[in-house]
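Residue-level structure breakdown
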Amino acid sequence: MTTHVLILCTHNSARSVLAEAMLQHLAATQGLDVRAHSAGSAPSGRVHPLALEVLAAAGVATQGLRSKSWDEFSAADAPRMDIVITVCDGAAEEACPLWPGSPVRLHWGYADPSSAPGGDAGQRAAFEHTRQAIAARLQHLLALPLATQGAAALHTELSRL
């Protein structure tokens, strides 16, 4: 049974896209039946070029990544989400749609790498740092028995990350 994970951030251009691509990559590398998705409440309509750059440099596929609305995932024909994670403080404070099936919901906050000081070099470093931090948490997520663990236990474990 596929585990669907939706990662949300307001503009769906940096942190949530990094998380979607990293989770998809890590799950595929480990042969796990996990499908990553990302979306935003007010999508920018573009993926930040530095997000694509750091993903590609890490050997992570970037084709098909796009900035999209969370409305796509609240539609009747959308996959049923098992886990919904917000990755920016703005999204944590927003009222999220109700997702069918009562997925596990949590917040993993990350600073916006696109607003890091230091010009291009500072932002590039911030994007890479954010990618690595997200990847570390996602590795722990993938180590859990996602298909068999109950929602309450899963929420507890994921909150510790």
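Before any of the text, the structure's been laid out above.
Rules behind the numbers
- Residues numbered from 1 in each chain as written.
- Predicted model: local features only at pLDDT ≥ 70, side-chain atom pairs only at ≥ 80, totals over all residues.
- Heavy atoms only, no water.
- Axes fitted to C-alpha atoms, helices over the stretch in contact; angles between N-to-C directions.
- Helix = DSSP H or I, 4+ residues; strand = E, 2+ residues; numbered from the N terminus.
- Parallel < 35°, antiparallel > 145°, perpendicular 65-115°, else oblique.
- Left-handed = near helix turned anticlockwise from the far one by under 90°.
- Contact = heavy atoms within 4.5 Å.
- Nonpolar A, V, L, I, M, F, W, Y, C, P; charged D, E, K, R; others polar.
- Buried < 20%, exposed > 50% of the residue type's maximum accessible area, 1.4 Å probe, protein only.
- Arc of directions from axis to C-beta.
- Salt bridge = Lys/Arg side-chain N within 4 Å of Asp/Glu carboxyl O.
- Polar contact = N/O pair within 3.5 Å; in protein donor to acceptor, adjacent residues only side chain to side chain.
- Pairing = 2+ DSSP bridges.

Moving on to the packing of helix H1 (residues 15–29) against helix H2 (residues 49–57). Running from amino to carboxyl end, H1 crosses H2 at an angle of 25 degrees, the nearest separation of the two axes being 10 Å. The orientation of H1 relative to H2 falls into the category roughly parallel. In this structure, the crossing between H1 and H2 has a hand that is right-handed. Here Val 17, Leu 18, Ala 21 and Met 22 of H1 lie close against H2, whose contacting residues are Ala 51, Val 54 and Leu 55. When grouped by side-chain class, the residues that make up the contact of H1 with H2 number seven nonpolar, no polar and no charged.

Next up on the list: H2. Of the positions making up H2, those classed as buried are Leu 50, Ala 51, Val 54 and Leu 55. Buried residues along H2 cover an arc of 135 degrees about the axis, so they all sit on one side. Residues of H2 that are exposed and angled more than 90 degrees away from the buried face: Pro 49 and Ala 57. One or two residues past the end of H2 sits Gly 59, with phi positive at roughly 80 degrees.

Counted under the stated rule, the structure contains six salt bridges. Among the ionic pairs, Glu 72 bridges to Arg 66, the shortest N-O distance being 2.9 Å. Under the relative-accessibility criterion, Arg 66 is labelled partly exposed at 40%.

Before going further, it helps to spend a moment on the side chain of His 48. Tracing the chain through its elements places His 48 in the loop between strand S2 (34–39) and H2. According to the relative accessible area criterion, His 48 is buried, its value standing at 13%. Separated by 3.0 Å, the side chain of His 48 and the backbone nitrogen of Leu 50 make a polar contact. Beyond its immediate sequence surroundings of up to four residues, His 48 is in contact with Ser 13, Ser 114, Gln 123 and Phe 127.

All right, on to the sheet that holds strand S4 (residues 104–107) then. A sheet is described by the order of its strands in space; here four strands give the open sequence S2-S1-S3-S4, paired in parallel fashion. The sheet is open, and its two edges are formed by S2 and S4, each paired on a single side. Strand-to-strand twist of the sheet, defined as the mean angle between neighbouring strand axes without regard to direction, takes the value 20 degrees. Pairing between strand S1 (residues 3–8) and S2: six bridges, direction parallel.

Our next topic: the pairing of strand S3 (residues 83–86). The alternating pattern of S3 places Ile 83 and Ile 85 on one face and Val 84 and Thr 86 on the opposite face, and all of these are buried. In the sheet, S1 pairs with S3 via four bridges, with the strands oriented parallel. Its bridge partner being in S3, Leu 6 is matched across the sheet by Val 84. Examined bridge by bridge, S3 and S4 share four bridges and lie parallel to one another. Bridge pairing links Ile 83 to Val 104 in S4.

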